[in-house]
Amino acid sequence: MSNQDHDKTIHEFIAKDYEFGFTTNIEMEQAPKGLSEDIVRFISAKKEEPEFMLEFRLKAYRHWLKMTEPRWSVATYPDIDFNNVYYYSAPKKKEAKLGSMDEVDPELKRTFEKLGIPLLEQKRLAGVAVDAIFDSVSVATTYKDKLLEQGVVFCSFSEAVTKYPDIIKQYLGSVVPYTDNFYAALNAAVFSDGSFVYIPKDTICPMDLSSYFRINTEEIGQFERTLIVCEERSSVTYLEGCTAPMFDTNQLHAAVVELIALDDATINYSTVQNWYPGDPKTGKGGIYNFVTKRGKCQGKRSKISWTQIETGSAITWKYPSCILVGDDSIGEFYSVAVTNHRQQADTGTKMIHIGKNTRSTIISKGISAGVATNAYRGAVKVNKSARNARNYTQCDSMLIGDKCSAITLPTVDVRNATAQLEHEASTSKVGEDQLFYLMSRGISLDDALGTIVSGFCQDVFDKLPDEFAVEANQLLSLQLEHSVG
Amino acid sequence: MLEIKNLHASIAEDDTSILKGLDLVIQPGEVHAIMGPNGSGKSTLSKILAGDQQYQVTDGEILFNGESILDDDATERSLKGLFLAFQYPVEIPGVNNAQFLRMAYNAKLKYNGEEEVDPIEFDDFLNEKLALVDMNESFKDRALNFGFSGGEKKRNEILQLAVLEPKLAILDETDSGLDVDALRDVSAAVNKLRSEGRSFLLITHYQRLLDYIVPDVVHAMVGGEIVKSGDKELAKELDKQGYDWVANV
Amino acid sequence: MIGLPMSKEDMEMDFLGEHSAYGGTLTIIDSESKNPYILEFQKQAFEAFKTEGGFPTSKNEDWKNVDIDSLLETPFKKAVTSLPADLNSDIDIFVGQLSQSARIVLVNGVMDDILSDISLLPTDVRFNRFSNLNDEDSRLLEGVMDSGSAPRNPFERINSFQFQDGVFGVVPDGVVCERSLHIVSIVASKTPVVAYPNLVIKIGEGASLSVVVTHVSLCSGIPSLDNANWLFDISKSGRLDYLNLKATRRSSNVIDTMQVSIAEQGEFNGAYVVSGGNINRNEVRVSLNGEEATSNMVGVGICPDSNKLYTNTTVDLNSPNTDSQQFFKSILGPNSVNEYSGLVYVAPNAQKVNSDQLNRNLMLDDSSRAISRPQLKIYADDVTCTHGSTTGQLEGEELLYLMSRGIERNEATALLISGFAEEIADHIKNDRLKYYAEENIRSALMNLQMPA
């Protein structure tokens, strides 16, 4: 290959087809497009919610009306018409109640099977329970009964609202209040479903829990809400995956995730995000992923760890954060964000140190190719009360090609002299010499690139559960295939 | 095995001419050595043979097993059986050495239409090769060349040579930066890898290496050309008299 | 007025003096002696101030931590140049210390021709008031001002329409100044005043100059504000070494905005030693506009008690093979704040650039606060950019090591703190400037209360 060809192909992006771009033809029940108090009431009624939930939603809705859409991220996109969105879309129920596996529509089962998420318990790899969410509702939760034997609740949010109203009342909005931001308010008003996890005292959740989010309807907004409560001395590992069909239009995904860890509890939350990123050439379509994720380490020695592999979405805008209230609590954030073609990502974390001896670690790897924008935005705050707080932050960027950009925007704000904070960042490109060396050992160009990039991300992959690490690595390679020539 | 005809090459970026009509023929099983002063173009030759795009071939031909390889990229050349032990092996953080070796090994197996090996099979195979080059098993778990000492990097190159079993191995200044003991180890490993079907091209500044790996043919390279060829005695002569002697021939 | 709380708008109007910030018209002092270019520049700055939101608010990321309200609550008036005799003699005494040096003296924002003396510099070097320029220099000044960016921050805009008379310095092509030039900005008053110095310096091709800038307040306990604008233009292969000393009284405030543009192979070495003062804000915007241009900035803020220090840097690497280094430190005593906010921008196609950014804060007291924002925006791929930031107290291990060699804890602590501060001086390339910096760092450290 001549040097000229080489240069040419660096600028040329050949899209690897998005694997999960199909749609499911199934009869859906939808609320009319647009947002009003009536829609909020409709959603609440549809879910047969108790009064307190409707009140929560209406308060949030009224607050949302007073807010303006934030625009401070690095991403640029046309205005969103919030009245041109379906706020509720669910597969039509064939029977009165969803719940047992036998009642799940076979078409939906096939859909999730195609996505590699079989809903039949015997088919699923042992050790992982799944909550499958299709547009606005949870269609199935596996291993529910088995988990319940140990007191572990893993069910759809809707079910939790009726079955465990006290826990919901106590914790809903306690970490992300509806006043928090525009999208959190919107979510609080119209969220339709999501997963609920409750781990009782002294319980190590016997299997990994996982939610799989599938957007199917064009012009839908998916507003799911996840709440995980881990009581004293308990722990859970939670995995989250997402895909969507390819449409020319953009779909809004504005989720809220709240985690609460009491004394000595540990929550590991991993996300592999593979929403449809839009057309590689034109940038048309794709998901707007505007998500608020926050965990509160309320108890002493509690720990919340976020791991995210972000390969999809047209725009990613999220900051999984930790509020470290309990003394000796620990917050962690490990992130790999890949943007290629016309994707835009503005992601990072906030670590708020309040308790004594609180510790946090942030490792962020941003990879940017094509004409994509990849920004890390982070804040570490140490309050006056947080004696001996510690933070270590490392954020590295890798650029592939000369048309993309890498942006690093950290803030460190310290108000206690006993705190110790360290922040490091570097930027590198994929070296021609590295590619040549690997190729001279018989490794193809794409594999060489994949190898270098996954080496760059190793610190984060090490933190993922094994099964996810393999998936993450494959996703990364797919995402960057043919990004150099 | 290798036939280079009237090779002209320059740096792609600024057209600086480096090779100016180089000819070289290496038969199967032969060991050739190219000696030359700094800037004679001998390391450039090795990079060009391996397919480095920093250089462009402006004239001439490179035939490997009778076929031109000028249009092949570095991967293709490697898969065809050409191996370069780098003068400065590249550090790649985060990439596990053993995984990398298996990846390269499997790429070759796949190319040859053979079954790829799983990590357990490969581990046994790799342990043998480690013993051959007298390397510690801890090398497997380290990141590729990352944080290696100069000597460790050179050993790692020979380990790759042993794993990939190429038809032609080019050793670019493998002796530089090695102390006498390391040089002896590396040379012994190379000698064990010599075989009837495998040729070697040694590129070196000093005659010292050739005491350990005895070549069949020695070439003196000056100003981008081979100016004199002979047997191993030529190397000693060059060491004694310097390159001016051949440059002025 | 006494006893009546003033509205924010009233305070802002009061601060700005004879014209109102919003809706009023601009009265330019000495307008008859100013050339049309300068008059137009001042009018545009005023319009920009009015239309771009006036004074900074908490929504402005670059100003949100700066205590603007405390400035506005102080009944500042624009400083005047005619002063009572006792203040004039204070000034004479101060300037007397510099009798052996080349010096430009500004009193309440305006260059004093009698106190200034640059006869020790090469004869071609010239510094004049804007109102005193010949035609050639006027055109030169206009060229430099055109190439700079329009005033961007609110106080920079205020200076731009408020300044009475600027100073233009020229070091012609090829002229190398061995001796340093001292620029002293004195604010002297018996009532709270704001001074608006505005300096433009052009370094010609292959020319070089080293400058020591000192901000002095002779207001004996009365609040003062020195709101200065600087514009440096460094031509091809030119070099400017710059040291900014702010050893100010507790009642004094300095808001400095500096623009530096550097042509190919040009070099800017900026150093900042700040100690004491109430609010000190330094904004530096560097543009590396030609290949192999370099910028090297270092700074240390020493805050003994209740000092608020803000450093805001922007470095634009606009050309290939440019290099930027930044190393800023702070030592924070009780009730002190240090904010370092640095943005490095690498333009598309600015390949093979190098940029390092390091901010280290040493906190000596729980009532202090350190904010660090080292930011990168990179639009080219073949670059080496790093940034780092650390905040904390002295390393226990270092202390232990010194103590285990028989040094007392207090002494060991003092040793480590001075080492921390003086490291900055080691990065100053120009020997004279380094000497001044070291002296100032040492005397500033004496005011520091050692942690228990």
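Before going into details, it helps to say that this report is about the structure given with it. Quick caveat, the model's predicted, so the values are computed rather than measured.

## Re the overall build of chain A
Alright, step 1. Along its length, chain A carries 12 helices and 24 strands.
Alright, step 2. Long-range pairs, those at least 24 residues apart, make up 83% of the contacts in chain A with a sequence separation of at least 6.
Alright, step 3. With an accessible surface of roughly 17000 Å², chain A has 47% of that area assigned to carbon and sulfur atoms.

## Considering the overall build of chain B
Alright, step 1. Of the regular secondary structure elements, chain B holds nine helices and 10 strands.
Alright, step 2. What you see for chain B is a C-alpha radius of gyration of 18 Å, in line with the 18 Å of a compact globule of 249 residues.
Alright, step 3. Its C-alpha atoms give chain B principal-axis dimensions of roughly 55 × 40 × 35 Å.
Alright, step 4. A total of 249 residues make up chain B; the buried ones form 53% of that total.
Alright, step 5. Restricting to contacts in chain B with at least 6 residues of sequence separation, those with at least 24 account for 68%.
Alright, step 6. Accessible surface, chain B as shown: approximately 10700 Å² in total, 44% of it carbon and sulfur.
Alright, step 7. Treating the 25 positive side-chain charges of chain B as one cloud and the 44 negative ones as another, the clouds have centres 4 Å apart.

## Regarding the arrangement of the chains
Alright, step 1. Across the two pairs of chains that are in contact, the largest number of contacts falls between chains A and C.
Alright, step 2. Nothing in chain B touches chain C, and the closest approach of their C-alpha atoms is 15 Å.

## Examining the layout of surface pockets
Alright, step 1. Quantified by volume, the largest pocket comes out at close to 1400 Å³.
Alright, step 2. If you go around the largest pocket, you meet 50 residues; those closest to its centre are W72(A), R377(A), T411(A), E61(C) and K64(C).
Alright, step 3. Among the residues making up the lining of the largest pocket, the classes are represented as 17 nonpolar, 15 polar and 18 charged.

## Describing the interface of chain B and chain A
Often, the extent of an interface is quoted as the loss of accessible area upon association of its parts.
Alright, step 1. Contacts between the two partners involve 33 residues from chain B, matched on the other side by 21 residues from chain A.
Alright, step 2. Where chain B abuts chain A, roughly 2100 Å² becomes buried across the two surfaces, and 65% of that area is made up of carbon and sulfur atoms.
Alright, step 3. For chain B, the biggest contributors to the area lost against chain A are Q53(B), T75(B) and M103(B); these three give 26% of the whole.
Alright, step 4. Linking chain B with chain A are one salt bridge, by the criterion used here.
Alright, step 5. In this structure, R441(A) and E157(B) form a salt bridge, with 2.8 Å as the shortest nitrogen-oxygen distance.
Alright, step 6. At the boundary of chain B and chain A, one finds 11 residue pairs in polar contact (both at pLDDT 80 or more).
Alright, step 7. Only α1 (42-50), α2 (74-80), β6 (82-85), α3 (97-111) and α5 (150-164) of chain B provide two or more residues apiece to the side of chain B that touches chain A.

## Regarding the pattern of salt bridges
Side chains that differ in charge, positive against negative, can pair when their charged atoms come close.
All names here are of chain B.
Alright, step 1. On inspection of all chains with the given rule, the structure shows 53 salt bridges over all chains.
Alright, step 2. Across the salt bridge formed by D185 and R155, the nearest N and O atoms sit 3.1 Å from each other. Taken together, the residues D185 in helix α6 (residues 180-193) and R155 in helix α5 connect sequence positions 30 residues apart.
Alright, step 3. For D185, a relative accessible area of 28% translates into the label partly exposed.

## Remarks on the sheet that holds strand β4 (residues 55-64) of chain B
Residues and elements named next belong to chain B.
Alright, step 1. Strand order in this open sheet of four strands is β2-β1-β4-β5, and the pairing throughout is antiparallel. At either end of the open sheet lies a strand with only one pairing partner, and these are β2 (17-26) and β5 (67-68).
Alright, step 2. Examined bridge by bridge, strand β1 (residues 2-11) and β4 share eight bridges and lie antiparallel to one another. When the bridges of β4 are listed, I11 appears paired with Y55.

## Considering the sheet that holds strand β10 (residues 225-230) of chain B
All names here are of chain B.
Alright, step 1. Strands sit in the order β6-β7-β8-β3-β9-β10 across an open sheet of six strands; the sheet is mixed. The strands lining the two open edges of the sheet, one partner per strand, are β6 and β10. Along the sheet, successive strands turn relative to each other by an average axial angle of 20°, direction set aside.
Alright, step 2. One ladder, built from four bridges, connects strand β3 (residues 31-35) with strand β9 (residues 217-222); its direction is parallel. Residue pairing for β9: H32 is matched across the bridge by V217.
Alright, step 3. On top of the sheet, α1 reaches β3, β6, β7 (168-172), β8 (199-204) and β9; it is set at about 140° to β6, its chief contact.

## Brief notes about unusual backbone geometry
Residue and element names in this part refer to chain C.
Alright, step 1. Phi at S220 is positive, roughly 30°, even though this residue is not glycine.
Alright, step 2. Looking at the element boundaries, S220 is found in the loop between β9 (208-218) and β10 (224-234).
Alright, step 3. You can call S220 exposed: its relative accessible area is 61%.
Alright, step 4. Here the phi dihedral of S237 falls at roughly 60°; this positive angle occurs in a residue that is not glycine.
Alright, step 5. Within the secondary structure layout, S237 lies in the loop between β10 and β11 (239-248).
Alright, step 6. Accessibility expressed as a relative area gives 33% for S237, which makes it partly exposed.

## Concerning a negative patch on the surface
Residue and element names in this part refer to chain B.
Alright, step 1. Where like charges cluster on the molecular surface, the negative patch consists of E115, E116, D118, E121, D124 and E128.
Alright, step 2. Checked against the element boundaries, E115 lands in the loop between α3 and α4 (119-132).
Alright, step 3. Residue E115 is classed as exposed on the basis of its relative accessible area of 68%.

## Some remarks on empty space enclosed by the protein
Alright, step 1. Tallied over the full model, the rule gives 10 cavities of 30 Å³ or more.
Alright, step 2. Considering only enclosed or pocket space, the largest cavity measures out at about 110 Å³ in volume.
Alright, step 3. Lining the largest cavity are 15 residues, with S364(A), G366(A), N374(A), A375(A) and Y376(A) sitting closest to its centre.
Alright, step 4. Across the lining of the largest cavity, the residue classes break down as six nonpolar, seven polar and two charged.
Alright, step 5. The computed volume of the second largest cavity comes to approximately 90 Å³.
Alright, step 6. In terms of lining, the second largest cavity is formed by 13 residues, of which the most central are G301(C), L309(C), T311(C), F328(C) and K329(C).
Alright, step 7. Looking at the lining of the second largest cavity, the elements that each hand over two or more residues are β13 (267-276), β15 (294-303), β16 (308-317), β17 (323-332) and β18 (337-346) of chain C.

Thresholds applied
- Residues numbered from 1 in each chain as written.
- Chains lettered and ligands numbered in written order.
- Predicted model: local features only at pLDDT ≥ 70, side-chain atom pairs only at ≥ 80, totals over all residues.
- Heavy atoms only, no water.
- Helix = DSSP H or I, 4+ residues; strand = E, 2+ residues; numbered from the N terminus.
- Contact = heavy atoms within 4.5 Å.
- Areas by Shrake-Rupley, 256 points an atom, 1.4 Å probe, with all protein chains shown as cover.
- Rg over C-alpha atoms; globule rule 2.2 N^0.38 Å.
- Buried < 20%, exposed > 50% of the residue type's maximum accessible area, 1.4 Å probe, protein only.
- Lys, Arg positive; Asp, Glu negative; His and termini not counted.
- Charge placed at Lys NZ, Arg CZ, Asp CG, Glu CD.
- 1 Å grid on protein atoms, 1.4 Å probe; cavity = no way out; pocket = protein on both sides within 12 Å on 5 of 7 lines; lining within 4 Å.
- Points joined across faces, edges and corners; volume = space filled by probe spheres on them.
- Nonpolar A, V, L, I, M, F, W, Y, C, P; charged D, E, K, R; others polar.
- Buried area = accessible area lost by both parts, 1.4 Å probe.
- Salt bridge = Lys/Arg side-chain N within 4 Å of Asp/Glu carboxyl O.
- Polar contact = N/O pair within 3.5 Å; in protein donor to acceptor, adjacent residues only side chain to side chain.
- Pairing = 2+ DSSP bridges.
- Axes fitted to C-alpha atoms, helices over the stretch in contact; angles between N-to-C directions.
- Patch = residues over 30% accessible without salt bridge, like charges linked within 9 Å, V, L, I, M, F, W, Y side chains within 5 Å.

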